[in-house]
Amino acid sequence: MTRVPMADLAARARKGSAGIGAFNVIQLEHAEAIVAGAEAAGRPVILQVSENTVAYHGSMTPILTATLAVAAESSAEVVVHLDHATGDDLVRQAVSLGVRSVMYDASARPHDANVAATRAVVAEAHEHDVWVEAELGEVGGKDGVHAPGVRTRPDEAVSYVGATGVDALAVAVGSSHAMLTRDAELDDALIAGIASVVPVPLVLHGSSGVPDAALRRAVEHGITKVNIATHLNKVLTAAVRRALTDEGVVDPRKYLGPGRDAVADEVARLLRMLAPDPY
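Description of the structure in this document. (Residues numbered from 1 in each chain as written. Predicted model: local features only at pLDDT ≥ 70, side-chain atom pairs only at ≥ 80, totals over all residues. Heavy atoms only, no water.)

**Thoughts on the overall build of the protein chain**
The condition is simple: Where helices and strands are cited, they refer to DSSP runs of H or I of at least four residues and of E of at least two residues respectively, numbered from the N terminus. Atoms counted for the radius of gyration: C-alpha only. Globule rule: 2.2 Å times the number of residues to the power 0.38. The classification of residues rests on relative accessible area computed with a 1.4 Å probe and restricted to protein chains. Under 20% of the type maximum is buried, over 50% is exposed, and intermediate values are partly exposed. Reported accessibility uses the Shrake-Rupley method at a 1.4 Å probe radius. Residues are deemed covered only where the shown protein chains occlude them.
Counting its secondary structure elements, the protein chain contains eleven helices and eight strands. Since a compact globule built from 279 residues should have a radius of gyration of about 19 Å, the 18 Å found for the protein chain is in line with a globular shape. Seen through its principal axes, the protein chain has C-alpha atoms that stretch 60 × 40 × 35 Å. Of all 279 residues assigned to the protein chain, the portion counted as buried reaches 53%. With the model as given, the accessible surface of the protein chain reaches about 11,700 Å², and the carbon-plus-sulfur share is 53%.

**Notes on the packing of helix H8 (residues 188-197) against helix H9 (residues 212-221)**
In plain terms, the rule: What counts as an axis is a line fitted to C-alpha atoms, over the stretch in contact for a helix, and the angles between N-to-C directions run from 0 to 180 degrees. Any angle that is under 35 degrees is reported as roughly parallel, and any over 145 degrees as roughly antiparallel; angles of 65 to 115 degrees are reported as roughly perpendicular and all others as oblique. Take the far helix as the reference: if the near one is turned anticlockwise from it by less than a right angle, the crossing is left-handed, and if turned clockwise, right-handed. When checking whether two residues touch, look at their non-hydrogen atoms; a contact exists if any pair is within 4.5 Å. We call Asp, Glu, Lys and Arg charged. Ala, Val, Leu, Ile, Met, Phe, Trp, Tyr, Cys and Pro are nonpolar, and the rest, Gly among them, are polar.
In contact at an axis separation of 8 Å, H8 and H9 are set at 25 degrees when each is read in the N-to-C sense. Judged by the angle between their axes, H8 and H9 are roughly parallel. Note that H8 runs across H9; the crossing there is right-handed. Note on element contacts: H9 touches H8 through Arg217, Ala218 and His221, opposite Asp188, Ile191, Ala192 and Ala195. Looking at the contact of H8 with H9, its residues break down into four nonpolar, one polar and two charged.

**Notes on the pattern of salt bridges**
Applicable threshold: What makes a salt bridge here is a side-chain nitrogen of Lys or Arg within 4 Å of a carboxyl oxygen of Asp or Glu, nothing more.
In total, this model carries 14 salt bridges according to the counting rule given. Between arginine 12 and glutamate 77 there is a salt bridge; the shortest N-O distance is 2.9 Å. On the criterion of sequence distance, the pair formed by arginine 12 in helix H1 (residues 6-15) and glutamate 77 in the loop between helix H4 (60-73) and strand E3 (78-85) is long-range, its members being 65 residues apart. Owing to a relative accessible area of 13%, glutamate 77 belongs among the buried residues under this scheme.

**Concerning the sheet that holds strand E4 (residues 101-104)**
The criterion, for reference: In this analysis, strands are considered paired if DSSP registers two or more bridges between them.
Strand order in the closed barrel formed by eight strands is E1-E2-E3-E4-E5-E6-E7-E8, with parallel pairing between adjacent strands. The average angle at which neighbouring strand axes cross in this sheet is 25 degrees, direction not considered. Pairing of strand E6 (residues 168-171) with strand E7 (residues 202-204), which is carried by two bridges, proceeds in the parallel orientation. Looking at E7, one finds that alanine 170 is bridged to valine 203.

**Topic: H9**
Looking only at H9, the buried set comprises Ala214, Leu215, Arg216, Ala218 and Val219. Elements that come into contact with the buried residues of H9 comprise H8, E7, strand E8 (223-228) and helix H11 (252-274). Looking at the residues trailing H9, positive phi occurs at glycine 222, about 135 degrees.

**Observations regarding the nonpolar core**
Spelled out, the test is: Only buried residues count toward a nonpolar core, which is a set of Ala, Val, Leu, Ile, Met, Phe, Trp, Tyr and Cys residues joined through side-chain atoms within 4.5 Å.
Counting residues in hydrophobic clusters, the biggest one holds 77 residues, and the most contacted among them are Phe23 and Leu169. With nine residues, the single largest contributor to this core is H11. Other than its neighbours up to four places away in sequence, phenylalanine 23 contacts Ile34, Val45, Ile46, Leu47, Gln48, Ile228, Leu232, Val267, Leu270 and Leu271. Among the nonpolar cores identified, the runner-up in size contains 16 residues, and Ala13, Ile20, Ala168 and Val203 belong to it.

**Section: helix H7 (residues 154-164)**
Condition: The directions from the helix axis to the C-beta atoms are what the arc is built from.
Of all the positions in H7, only Ala157, Tyr160, Val161 and Thr164 are classed as buried. Looking straight down H7, one finds its buried side chains confined to an arc of 95 degrees; they lie on one side. Contacts from the buried residues of H7 go to helix H6 (111-127), strand E5 (131-136), E6 and H8. Of the residues trailing H7, glycine 165 is marked for its positive phi of about 80 degrees.

**So, the packing of H6 against H7**
Running from amino to carboxyl end, H6 crosses H7 at an angle of 40 degrees, the nearest separation of the two axes being 8 Å. When the axes of H6 and H7 are compared, the pair comes out oblique. Residues His111, Asn114, Val115, Thr118, Arg119 and Val122 of H6 pack against Tyr160, Ala163 and Thr164 of H7. Classifying every residue of the contact of H6 with H7 gives four nonpolar, four polar and one charged.

**Overview of the pairing of strand E2 (residues 45-50)**
Condition: A clockwise path from the first strand over the helix to the second, with the strands pointing away from the viewer, defines a right-handed crossover.
Most of E2 sits out of view: six of its six residues are buried. Side chains Val45, Leu47 and Val49 project from E2 onto one buried face, and the interleaved Ile46, Gln48 and Ser50 project onto a second face that is buried too. In this structure, strand E1 (residues 20-24) lies alongside E2, joined through three bridges in parallel fashion. Residue pairing for E2: asparagine 24 is matched across the bridge by glutamine 48. Taken together, E1, helix H2 (residues 28-41) and E2 form a β-α-β motif whose crossover is right-handed. For E2 and E3, the ladder comprises six bridges, and the chain directions are parallel. Across the sheet, leucine 47 pairs through a bridge with valine 80, a residue of E3.

Encoded structure:
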């Protein structure tokens, strides 16, 4: 079934009260593992390439082209998504390569500047049938702090969606990026309050730090897209470390292969957890 439109996938997930797993690709093994997990689980999946990953590789074209190729050959339903782009040039480049779903992040800017920049990106993206996610409030773990004062307010969310025309909204409700422990506490009442008034799908960033039960509750209260990166990196790294205890292992396939398999297994588990029933 290969690549599918994000709008269609999000609409089905919302109708079925399901969560869509969105997993970050850092290297080719990530992309291969994520689609393998989706195929095993029988669930759709989102492959995300972030601005940070593009910077790591020094160029968008190789890693994004490879990710698109992996998605195209998969039997699962796959969306390829540009994650946390802070510049409109990066969005344009991703679109030129064939991406039809992007996250434009102007959340670090003053509110009015965020609105203006996001509205401009949305207008241009929609001309190319590209789905746009944006962020309101500040999810911790990147450049700012994680505190109640930066959480997304329902009234501001309604105004922001109306002013920008975004297709999905990432909200600050208690999670934080790059957490190594899974003990973040989400504000379920706030999620439900935002979901009740905002007409577009809600996105949870920093989901690696959220335990399974809390992720399920978040989906039940209105989260649709669930971003997970650090947790899978921990899984991959642990598997690689185990393989490298044998000092005779020097072929990267002998340690990256087990890492890839471990990530595939965890992706399958997470996808089933986020969506117990196919959708």
